[in-house]
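Understanding the architecture of this molecule
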Amino acid sequence: MSARLLSALAPVLLASACAPPIQTLAPLPQPEQVTPQQWAATCSEWDEWDKPAPPYRIHGSTYYVGTCGISAILVAGAQGHVLIDSGTEAGAQVVLDNIGKLGFRPNEIASLLHSHEHFDHVGGHAAIKRASGAHVVASPRAAAVLRSSQDDPDDPQYGMHDPMEPVAVDVVVHDGETVRSETATLTAIATPGHTPGALSWAWDSCDAAGECIGIVYADSLSPVSRDDYRFGDHPDYVAAYRAGLQRLRDRKCDLLLTPHPSASDMVARAASGSLVGGMSCADYADAVEARLDKRLADEAGG
């Protein structure tokens, strides 16, 4: 072989030697066809946080992929999925397994969102990010908690939780800003109260028949705290709490979801065959505000 031909072939030979091997992804199992009733039969109203539960379609491209006791919601899209909440560190593996059972791959998760910044809902964020490479999206206050793994000092439950594994935050969102896929536009709703950085999310979901409904994933919002915390000592925090509840009341809310399924009777509604209807966002906000008012009255009377 002439020197001139070797010289011409050298770049090709070098590129071939350095090229990565062709990878064939292992086939996923056939997507599971689980009904809401089957999920409800697996889980009780107040269930264990890490108890595996089957995934099921809620409506359109929206799926439940969480455990029995902790919700995780997947909004699927051909160009990348949006996942809200990851559960605990152990629960994150259930979430990943459930995404696979639906016929999707973890590396297809494009954005990872949150409800509130406690370990039972975001403790698995680092594991999900490692498995998927997803962009982590967080409110400003929640972003600080996720990056540091430490509770926010203004959190009513500050000091009650063990540290989580820290995770990098890629995108910070504020009230009214959106995260988009080709199947849905999810709007962030600032709903501080249960934690300072809590978010709820709202989007329109359309199914194959063309029926479109408004879905809201409303944060836990319960006025729970450590023993020495008094909501009445933090009037600005209470005002922000009430403002978030009003934002929920103002949302189109055909179908309500919550980070703890028990908070919005999700098991009972799923048992009926559909989560559409039942408790509305206004009902939910009113019930939370009644608890907040009682808490403030108890503090004043104590």
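Everything here concerns the structure above.
So, here is what we can say about the structure in this document.

Rules of the game
- Residues numbered from 1 in each chain as written.
- Predicted model: local features only at pLDDT ≥ 70, side-chain atom pairs only at ≥ 80, totals over all residues.
- Heavy atoms only, no water.
- Helix = DSSP H or I, 4+ residues; strand = E, 2+ residues; numbered from the N terminus.
- Buried < 20%, exposed > 50% of the residue type's maximum accessible area, 1.4 Å probe, protein only.
- Contact = heavy atoms within 4.5 Å.
- Areas by Shrake-Rupley, 256 points an atom, 1.4 Å probe, with all protein chains shown as cover.
- Lys, Arg positive; Asp, Glu negative; His and termini not counted.
- Charge placed at Lys NZ, Arg CZ, Asp CG, Glu CD.
- Phe/Tyr/Trp six-rings, centres within 6.5 Å; stacked < 30°, edge-to-face > 60°.

1. Notes on the overall build of the protein chain
Looking only at helices and strands, the protein chain has 9 helices and 12 strands in total. Here the protein chain, with 302 residues, has 50% of them falling under the buried criterion. When contacts within the protein chain are restricted to residue pairs at least 6 apart in sequence, those whose partners lie at least 24 apart make up 65%. As presented, the protein chain carries roughly 13700 Å² of accessible surface, and 55% of it is formed by carbon and sulfur atoms. Within the protein chain, the 38 negative side-chain charges are centred at a point lying 5 Å from the centre of the 21 positive side-chain charges.

2. Let's talk about the packing of aromatic side chains
Note on aromatic pairs: each is described by the distance of the centres and the angle between the planes. Taken as a whole and judged by the stated rule, the model has 7 aromatic pairs. Taking 5.1 Å as the distance between ring centres and 35 degrees as the angle between the ring planes, the aromatic pair formed by Trp39 and Tyr56 counts as tilted. Taken as a pair, Trp39 in helix 2 (residues 36-42) and Tyr56 in strand 1 (residues 56-59) lie far apart in primary sequence, 17 residues in all. Taken as a pair, Trp39 and Tyr56 share a single burial class, namely buried. Considering the side-chain rings of Tyr63 and Phe104, the 5.8 Å spacing of their centres and the 75 degrees angle between planes classify their relative orientation as edge-to-face. Of this pair, Tyr63 sits in strand 2 (residues 62-64) while Phe104 sits in the loop between helix 3 (91-101) and strand 5 (109-113); the two residues are 41 residues apart in sequence, bridging distant segments of the chain. Taking relative accessible area as the criterion, Phe104 reaches 17% and is therefore assigned buried. Ring pairing ties together the aromatic residues Trp39, Tyr56 and Tyr64, which thus form one cluster.

Shape is all these values report; function is a separate question.
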